Amino acid sequence: MKRNIWDLLLFIAKRILVMFLLVIGVTFITFLFSHVMAPDPARLWAGRRANAARVQEIVALYHLNQPYYIQYWYYLKGIFTGNLGVDPSTGSPILPEILQRLPATLELVFASLVIMVVVGIPLGALAASRNGKATDHLVRGFYLSGWATPSFLGALVLVLVFSYYLNVLPVQGMLTPGISPPQTITGMYVVDSLLTANFPALYSSLQHLILPATSLAFLNFGIATRMTRASMLEVFPLDYVKAARAKGLSEYVVIYKHALRNALVSTVTVLALLAGSLLSGDVVVEEIFGWPGIGAYAFTAVQAENFPAIVAVTVVFSIGVIIANLVADVLYAVLDPKVEWG
Amino acid sequence: MENKETGHLESILSGARSNAISTWRIIRSSPLSMFGFGLIVLYVGVSVAVVVAGRYVLPYGPLQLNTGTPLSPPSFSHLFGTDNLGRDIFSRVLAATPLDLGIGIGVSSLALAVGGTIGLVSGFQGGLLDSVLMRITDIFLSIPSLILALAVSVALGPSVIHSVEALSIVWWASYARLARGQALSIKNQLYVVAARASGTREHVILGRHVFRNLFDTLFIYMTMDIGTVILTFSTLSFLGVGVQPPTPEWGSMVIDANSYIATQPWIPLIPGFAIFFAVFAFSLIGDVLRDILDPKTRKSML
C-alpha cells in the first residue's frame, strides 16, 4: 500500500492544476453567454438606461468591438487580475463589492454545513438502524420534504413561525441594531466576536444566524441523510460490525461508534460536493433574511440589471464549487485508508 | 428461506426492468410512494383539465381582477382566498399547473435525450472523444445550476422561453455523467462481450444492449429531476427573470405576495405549497425506484 506523504502532495498538486483548467473552462462558458450568445452585449454590460455615449465607453472598456478571441483574452485577463467589470449604474468595480460580502456568505454556508452534519448524519444513522420500519419512512419523508421545499417557501415559513407568531428570533441582518460589530479579523461576526470575547455581539450574531442557516440546511440535508443511510446499510453486513455485536457491545455502541465511523468517510466527502446547491439556495435565503452576503448582492443585481455583477457572482460561486470539490477529493484520499496516493 | 426471498426479489427486480406492471407493484408496496403517485395523478389531471377545458374547470379567469374583496381569506366562493388585486388564488394556482409541470417534464426529457446521448457515446467510444466530452461536462457541473440559469436568462432577456432555454443549456450535464458511468460498466458485461464475440455489429450492441440498460437508470433519475427543474424554474420566476406578470406561475405568485406573509400568509404560502407537493411527489417516486435499481442499496434490501 503506497501512502507516502510526497505522493499525497503530488496528488494535491495535480488536483490544483485540474482546478485551474476548470476555472478557465468556467470563464469560457460565462464568456459564451455574456459576449457571444447575448443579443446585445454592449447594452447588457452598459445597463439598460445608458445613453449612446456611455454605451460607446463600455464597448471600448470591455473591447466589445474586437474579434471574439481578443475579447475573450481581455475577459480572461480581467478575471485573473481581479478585474470583474464595473457596476453600470455607479461605475464602481465589482470585485471589492464581492470580497466585502464574502465573509458573511461563508459564515452562513459553514453554519448550515454544521447543522447538516449535526442533524443530517445522525438521522441517516437512525434511519439505517431502523431500516424498513416506521422511523425509516418518517426520516425519508422528512428529508424528501426538505428537498422538495422551494428555498423561498422554507425561509418564509421560518420567518412567519419564529418571528411573527413566536417572536423569538430576529429575521433581518446579522446583528441587532445598536450592538456594534466585533473587531474585524475574519469578517465573520460569530468567529470574530468569539475571538475577541465580545459576548453581546456573539449572542446577537448567533441569534441572527440560526434562521437563515437552518433554512439553507433544511433544503440540502437530505443528501447527507440519504448518503449516511446508504453507506451505513453497506457496512452493517460486514464482519467487523458482526464481531462488535458478537462481543456483546450495546446496539448504540455498535451503530454509532463502529458502523457510523466508517460510513462517515463517504458522507463527509459528499458534504463538500453539496457546495453547488448550497450556493444556489444562498441567493434566495440571503435575500429573504436581509443577510448582507454575495447571494443578496446577486439578487439586487438581477433587479437593478447589473449584469457584470451577475456574471462575476457566477464565476466566484463556480470557483467556490471547484475548491469544495478539491477539498472533497483530498479529504477522501486522506480519510479512506484504502485509497492509494501514488 | 433466504434463497427463496432472494429469488423473489430478483424476480421483482428483473420485472421492474422489463415491464410497468412490476414497477406498479413496487410503488404500491410503500404508503409514501402511493401518496406520491396519487399526487402526480392529481397534478397531471389538473393540467390536462386546465388545458382542455380551462373555462369550465376554473371558477374565475386567472387574470380577472376584483373577483371578490381583495385580500379576503379562503372561503366557499374563493377556496384559496383572493390576492391584493382581488384575483382568485385557486384559479391562478390551477391555471399555472400546466406551465410548471410542462416545463419540468420538458426540460428534464430534453436533458435526458441530450445528456444521455453524450454520455452513451462518451462511455462507449472512450479515448480522446471521451476525455473531451467529460471535461466539458465537468465544467458545466462546476457552475451552480440556478446561478448559471439566472445569468443566462438575464443575458437573453426575461421571458418564459428564455428561461426554458437557460435551463436546457444547464441541465444536461448530470445526465451525461450518469450515462457515461453506466455505459462504461455495461460495456464490459458478459452479455455485451458475448454479443460482440458472436459477430453482432457495434451499432446494434449500442442500441439493443447498452442503450436499453442505460435508459432505466436515466429514466429514474429523471423522475426525481422533474421536481428539481420545477423548483429551479419557479426560483427563476421568484427572482424576476422567468414568467412575467400577470401570467400566473407559482414562484412569481410567491414573490408578488411576499410582503403579505405576516398579515395574509395564505397568499404567498398556497402557491409555495403547490410547488412543494409537485416536487415532493416526483421525488418520492424517484427515491423509491432508485433504492430498487441502485445495486448498493438493493443489496441491503435483501
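The structure under discussion appears in the preceding block.
Residues numbered from 1 in each chain as written. Chains lettered and ligands numbered in written order. Predicted model: local features only at pLDDT ≥ 70, side-chain atom pairs only at ≥ 80, totals over all residues. Heavy atoms only, no water.

Attention shifts here to the overall build of chain A. Secondary structure assignment for chain A yields 14 helices and 0 strands. For chain A, the N- to C-terminal ordering of α and β elements is α-α-α-α-α-α-α-α-α-α-α-α-α-α. Viewed in the frame of its principal axes, chain A has a C-alpha envelope of about 80 × 55 × 40 Å. Within chain A, buried positions represent 51% of all 342 residues. A separation threshold of at least 6 residues defines the contact pool for chain A, and within that pool the share at least 24 residues apart is 72%. (Helix = DSSP H or I, 4+ residues; strand = E, 2+ residues; numbered from the N terminus. Buried < 20%, exposed > 50% of the residue type's maximum accessible area, 1.4 Å probe, protein only. Contact = heavy atoms within 4.5 Å.)

With that out of the way, let us pick up unusual backbone geometry. Residues and elements named next belong to chain A. For His-63, which is not glycine, the phi torsion reads 60° and is therefore positive. Within the secondary structure, His-63 sits in the loop between helix 3 (52–61) and helix 4 (68–80). Although it is not a glycine, Glu-305 sits at a positive phi angle of roughly 50°. Here Glu-305 lies in the loop between helix 13 (294–303) and helix 14 (307–335). Residue Glu-305 is classed as partly exposed on the basis of its relative accessible area, which comes to 31%.

Evaluated as defined, the whole model comprises 20 aromatic pairs over all chains. Relative to Phe218(A), the ring of Phe142(A) has its centre 5.9 Å away and its plane inclined at 55°; by these criteria the two rings are tilted. Of this pair, Phe142(A) sits in helix 6 (residues 134–148) while Phe218(A) sits in helix 9 (residues 199–235), and the two are 76 residues apart along the sequence. By relative accessible area, which is 25% here, Phe218(A) ends up partly exposed. Both rings, one in Phe35(B) and one in Phe280(B), keep their centres 6.4 Å apart while their planes meet at 65°; by these two values the pair is edge-to-face. Taken as a pair, Phe35(B) in helix 3 (residues 31–57) and Phe280(B) in helix 12 (residues 266–293) lie far apart in primary sequence, 245 residues in all. Phe35(B) sits in the partly exposed class, given a relative accessible area of 42%. Taken together, the ring pairs in this structure connect Phe35(B), Phe273(B), Phe276(B), Phe277(B) and Phe280(B) into an aromatic cluster. (Phe/Tyr/Trp six-rings, centres within 6.5 Å; stacked < 30°, edge-to-face > 60°.)

A separate point is the pattern of salt bridges. According to the stated counting rule, one finds 10 salt bridges over all chains in the structure shown. Across the pair Arg15(A) and Asp329(A) runs a salt bridge, and its minimum N-O distance is 2.6 Å. Of this pair, Arg15(A) sits in helix 1 (residues 5–37) while Asp329(A) sits in helix 14, and the two are 314 residues apart along the sequence. Arg15(A) gets classed as partly exposed once you look at its relative accessible area, which sits at 30%. In this structure, Asp138(B) and Arg135(B) form a salt bridge, with 3.2 Å as the shortest nitrogen-oxygen distance. Pair noted here: Asp138(B) and Arg135(B) are both in helix 5 (residues 127–142), with a separation of 3 residues, about one helical turn. Given a relative accessible area of 47%, Arg135(B) falls into the partly exposed group. The network of salt bridges with common partners includes Arg135(B), Asp138(B) and Arg177(B). (Salt bridge = Lys/Arg side-chain N within 4 Å of Asp/Glu carboxyl O.)

Now for the packing of helix 5 (residues 94–129) of chain A against helix 6 of chain A. All names here are of chain A. Contact geometry of helix 5 with helix 6 gives a least axis separation of 8 Å together with a crossing angle of 145°. Seen along the crossing, helix 5 lies across helix 6 with a hand that is left-handed. For the pair helix 5 and helix 6, contact is made by Leu-123, Leu-126 and Ala-127 and by Thr-135, Asp-136, Val-139 and Phe-142, respectively. Grouping the constituent residues of the contact of helix 5 with helix 6 by class yields 5 nonpolar, 1 polar and 1 charged. (Axes fitted to C-alpha atoms, helices over the stretch in contact; angles between N-to-C directions. Left-handed = near helix turned anticlockwise from the far one by under 90°. Nonpolar A, V, L, I, M, F, W, Y, C, P; charged D, E, K, R; others polar.)

This next bit is on the interface of chain B and chain A. Taken residue by residue, the interface counts 51 residues in chain B and 49 residues in chain A. Taken together, both faces of the contact between chain B and chain A bury some 4400 Å²; the carbon and sulfur share is 77%. Counting across the interface, chain B meets chain A through 0 salt bridges. For the pair chain B and chain A, the number of links is 2 residue pairs in polar contact (both at pLDDT 80 or more). For the side of chain B that touches chain A, the secondary structure elements donating two or more residues are helix 5, helix 6 (145–156), helix 10 (202–238), helix 11 (250–256), helix 12 and helix 13 (295–301) of chain B. Here the element with the most residues in the side of chain B that touches chain A is helix 12 of chain B; it accounts for 14 residues. For the side of chain B that touches chain A, the residue count by class is 35 nonpolar, 11 polar and 5 charged. (Buried area = accessible area lost by both parts, 1.4 Å probe. Polar contact = N/O pair within 3.5 Å; in protein donor to acceptor, adjacent residues only side chain to side chain.)

On to the packing of helix 6 of chain B against helix 7 (residues 160–171) of chain B. For any two helices packed against each other, one specifies the crossing angle of their axes together with the interaxial distance. Residues and elements named next belong to chain B. Axis separation between helix 6 and helix 7 bottoms out at 8 Å; the angle between their running directions is 140°. The angle between the axes of helix 6 and helix 7 places the two elements in the oblique class. As helix 6 packs across helix 7, the resulting crossing turns out to be right-handed. Contacts between helix 6 and helix 7 pair Ser-145, Leu-148, Ala-149, Val-152, Ser-153 and Leu-156 from the former with His-162, Ser-163, Glu-165, Ala-166, Leu-167, Ile-169, Val-170 and Trp-171 from the latter. A breakdown of the residues in the contact of helix 6 with helix 7 according to their chemical character gives 9 nonpolar, 4 polar and 1 charged. (Parallel < 35°, antiparallel > 145°, perpendicular 65-115°, else oblique.)

Moving on: the side chain of Asp87(A). All names here are of chain A. In this fold, Asp-87 is placed in the loop between helix 4 and helix 5. It turns out Asp-87 is buried and unbridged, and the closest side chain with the opposite charge, Arg-54, is 8.0 Å from it. Those residues within four positions of Asp-87 in sequence are excluded, and the remaining contacts are Ser-92, Ile-94 and Asn-306. (Lys, Arg positive; Asp, Glu negative; His and termini not counted.)

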